[in-house]
Amino acid sequence: MSAGRFAPSPSGDLHLGNLRTAILAWLFARASNRRFLVRVEDLDRQRSRPEFERSQLDDLAALGLTWDPPVVRQSDRDDLYAAALARLTDAGLTFECFCTRREIADAVRAPHAPPGSYPGTCRDLTESERAARRAERPPAIRLRAEADEWTVRDELRGEITGHVDDLVLRRGDGAHAYNLAVVVDDGDQGVDQVVRGADLLDAAPAQAYLAHTLGLPAATYAHVPLALTADGRRLAKRDGAVTLRDLTPAQAWDLIGASLGVGARSPEALLSELDPWEISLDPWIVTP
Ligand SMILES: [Zn+2]
């Protein structure tokens, strides 16, 4: 059965913007008769904390959101990512990359390549060149992308075509990369509707291309507006009373409901009051 999901990183408390995204992800899933899953994206072992995982799930429950078990944790799923990477490597669709961030930033690119995109430096190294460079540093593994562009369907924004980069799939330190994990997880969990913040819109075409390359079905997306401060910055915990540590669930619902132009103060009321496909695409300006 198809599913939507909310996939927070347990690196801090969820703020109002994250909570609004979670509520919208729930609403999109339930309004389209999908399961709703919660996935803990804790690949970044330095920043992830079990106490934040608990508080985030508690916060979602405090808002009245329900989800279909189990909650999966990316840190438990390394074998799945390794298997997907092995399939791509066996198909000749990966290469070792020895570049530093500095080298990538300073590289000369083709005229139309987006800033920061991978310049292709290590795509065609010979075996002896690779052997020499392995002695300097362990390589990252990148996708050998065979398309420059890919198109995704966003349920709020229509068709979005964007650049497909040679994504890092495994970092030099051996950790599987976010882009690989998120695509493998969505495919494995039957997620065919990805609702998340608009900051990830630019990542969608390359992720969808990677899913295609792995033989996974195409998901649709809904990139929902970000929460910004009055001076246009992304909302952050330091902006004051923006998490459920400082707000009651009822106060959070008041703010989020008002931002969506509805009187609903619970998930079920929202489901009967709001068509999620009609929400405004303007950023939500939060003044705590
Ligand atoms: Zn490289």
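The model shown is predicted, which means the values in this text are computed figures rather than measured ones.

Procedures and definitions
In this convention, every chain numbers its residues from 1, walking through the sequence in written order. Thresholds applied to this predicted model are a pLDDT of at least 70 for local features of residues and 80 or more for the giving and counting of side-chain atom pairs; totals over whole chains, interfaces and linings are not thresholded and use all residues. The basis for the side-chain values is all heavy atoms of the structure; hydrogens and waters are excluded. Each helix is a run of H or I in the DSSP string that is no shorter than four residues. Each strand is a run of E no shorter than two, and both are numbered from the N terminus. For every residue, the accessible area (1.4 Å probe, protein chains only) is compared with the maximum for its type, and the residue is labelled buried under 20%, exposed over 50%, or partly exposed between those bounds. Contact between two residues is taken to exist if any of their heavy atoms lie within 4.5 Å; hydrogens are not considered. Positive charges are assigned to Lys and Arg, negative charges to Asp and Glu, while His and the chain termini are left out of the count. Here the site of a charge means atom NZ of a Lys, CZ of an Arg, CG of an Asp or CD of a Glu. Here, a salt bridge means any Lys or Arg side-chain nitrogen found within 4 Å of an Asp or Glu carboxyl oxygen. Working definition: rings of Phe, Tyr and Trp (its six-membered ring) pair if their centres are within 6.5 Å, and the pair is stacked with planes under 30 degrees apart, edge-to-face with planes over 60 apart, and tilted otherwise. Note on definitions: angles span 0 to 180 degrees between N-to-C directions of axes, and those axes are lines fitted to C-alpha atoms, for helices only across the stretch in contact. Here is the rule for angles: anything less than 35 degrees is roughly parallel, anything more than 145 is roughly antiparallel, 65 through 115 is roughly perpendicular, and the remaining ranges are oblique. By convention the crossing between two helices is left-handed if the near helix lies anticlockwise of the far one by an angle smaller than a right angle, and right-handed if it lies clockwise. Note on residue categories: nonpolar means Ala, Val, Leu, Ile, Met, Phe, Trp, Tyr, Cys or Pro, charged means Asp, Glu, Lys or Arg, and polar means any other residue, Gly included. Note that water is not among the atoms used; donors are N, O and S atoms within 2.8 Å of the metal (3.2 Å for Na, K and Ca), so sites may look incomplete. Angle rules define the geometry names used: all angles between 85 and 135 degrees makes four donors tetrahedral, while opposite donors over 155 degrees apart and all other angles between 65 and 115 make four donors square planar and six octahedral, leaving every other case irregular. In these notes, a set of buried Ala, Val, Leu, Ile, Met, Phe, Trp, Tyr and Cys residues joined through side-chain atoms within 4.5 Å is what counts as a nonpolar core. Expected span, for any helix, means 1.5 Å times one less than how many residues it has. A pair of strands is considered paired only if DSSP assigns at least 2 bridges between the two.

> Tell me about the overall build of the protein, residues and numbers included.
Scanning the protein from terminus to terminus reveals 9 helices and 12 strands. Its C-alpha atoms give the protein principal-axis dimensions of about 65 × 40 × 40 Å. By residue count, 48% of the 288 residues in the protein fall in the buried class. When contacts within the protein are restricted to residue pairs at least 6 apart in sequence, those whose partners lie at least 24 apart make up 77%. Distance between charge centres in the protein, computed from 34 positive and 44 negative side chains, equals 3 Å.

> Tell me what's going on with the pattern of salt bridges, and back it up with residues and numbers.
Scanning the entire structure with this criterion turns up 27 salt bridges. The shortest N-O distance in the salt bridge between E127 and R130 comes to 2.7 Å. Of this pair, E127 and R130 both sit in helix 5 (residues 127–134), separated by 3 residues, roughly a single helical turn. Judged by its relative accessible area of 22%, R130 is partly exposed. We note a salt bridge from R133 to E136, for which the minimum N-O separation is 3.6 Å.

> Go over the packing of aromatic side chains with me, naming the residues and quoting the values.
Under the criterion given, the structure shown has 3 aromatic pairs. Ring plane angle 40° and centroid distance 5.8 Å describe the contact between F95 and Y118, whose orientation is recorded as tilted. In this pair, F95 is assigned in strand 4 (residues 94–97) and Y118 in the loop between helix 4 (101–106) and helix 5, connecting sequence segments 23 residues apart. Taken as a pair, F95 and Y118 share a single burial class, namely buried.

> Before we move on, can you summarise the packing of helix 1 (residues 16–31) against helix 8 (residues 249–259) with the specific residues and values?
Following both chains from N to C, one finds helix 1 and helix 8 inclined at 65°, their axes separated by 10 Å at the closest point. Compared by their axis directions, helix 1 and helix 8 come out roughly perpendicular. The two elements helix 1 and helix 8 cross, and the hand of that crossing is right-handed. Along its contact with helix 1, which presents L16, L19, R20 and I23, the element helix 8 presents A252, W253, L255, I256 and S259. Split by residue class, the contact of helix 1 with helix 8 holds 7 nonpolar, 1 polar and 1 charged.

> Which residues make up the coordination of the zinc ion, and what values go with them?
Around the zinc ion, the protein contributes the donor atoms C97 (SG), C99 (SG), Y118 (OH) and C122 (SG), which lie 2.1 to 2.3 Å from the metal centre. Of note is the zinc ion, whose 4 donor atoms meet at the metal with angles of 100 to 123° in an arrangement that counts as tetrahedral. Read in sequence order, the donor residues for the zinc ion give the motif C-x1-C-x18-Y-x3-C. Here C97, found in strand 4, pairs with C122, found in the loop between helix 4 and helix 5; they are 25 residues apart in sequence, far enough to count as distant. Each member of the pair C97 and C122 is classed as buried.

> Talk me through the nonpolar core; I want residue IDs and the actual numbers.
Grouped burial of nonpolar side chains is what soluble globular proteins tend to show. The biggest cluster of nonpolar side chains holds 38 residues, and the ones touching the most others in it are L16, L60, L260 and L270. Counting residues per element, the ones that place at least two in this core are helix 1, strand 2 (35–40), helix 2 (50–62), strand 10 (220–224) and helix 8. For this core, the element with the most residues is helix 1, which contributes 10 residues. Once residues lying within four places of it in the same chain are set aside, the contact partners of L270 are I23, L27, W253, L260, V262 and A264. Membership of the second largest hydrophobic core comes to 23 residues, among which are L180, V182, L210 and L214.

> Pulling in residues and values, what's your account of helix 1?
Taking 1.5 Å per residue as the helical rise, helix 1 with its 16 residues ought to reach 22 Å, and the 22 Å between its terminal C-alpha atoms agrees with that figure. Across the 16 residues of helix 1, 13 count as buried, placing the element largely inside the fold. Among the residues trailing helix 1, N33 stands out with phi positive, at a value near 55°.

> Any details on the environment of A206? Residues and values, ideally.
As for its placement among the helices and strands, A206 is situated in helix 7 (residues 204–213). Residue A206 is classed as buried on the basis of its relative accessible area of 5%. Sequence separation between A206 and T151 is 55 residues, and the spatial gap between their C-alpha atoms is 9.0 Å. Discounting chain neighbours no more than four positions away, the residues touching A206 are H163, V164, D165 and L167.

> Go over the sheet that holds strand 4 with me, naming the residues and quoting the values.
Strand order in this open sheet of 3 strands is 4-5-8, and the pairing throughout is antiparallel. Only two strands of the sheet have a single neighbouring strand rather than two, namely strand 4 and strand 8 (168–170). When strand polarity is set aside, the average angle formed by the axes of neighbouring strands in this sheet is 45°. Relative to strand 5 (residues 140–143), strand 4 is paired through 4 bridges, and the arrangement is antiparallel. Paired with E96 across the bridge in strand 5 is I141.

Fair warning: the whole summary comes from geometry, so function is off the table for now.
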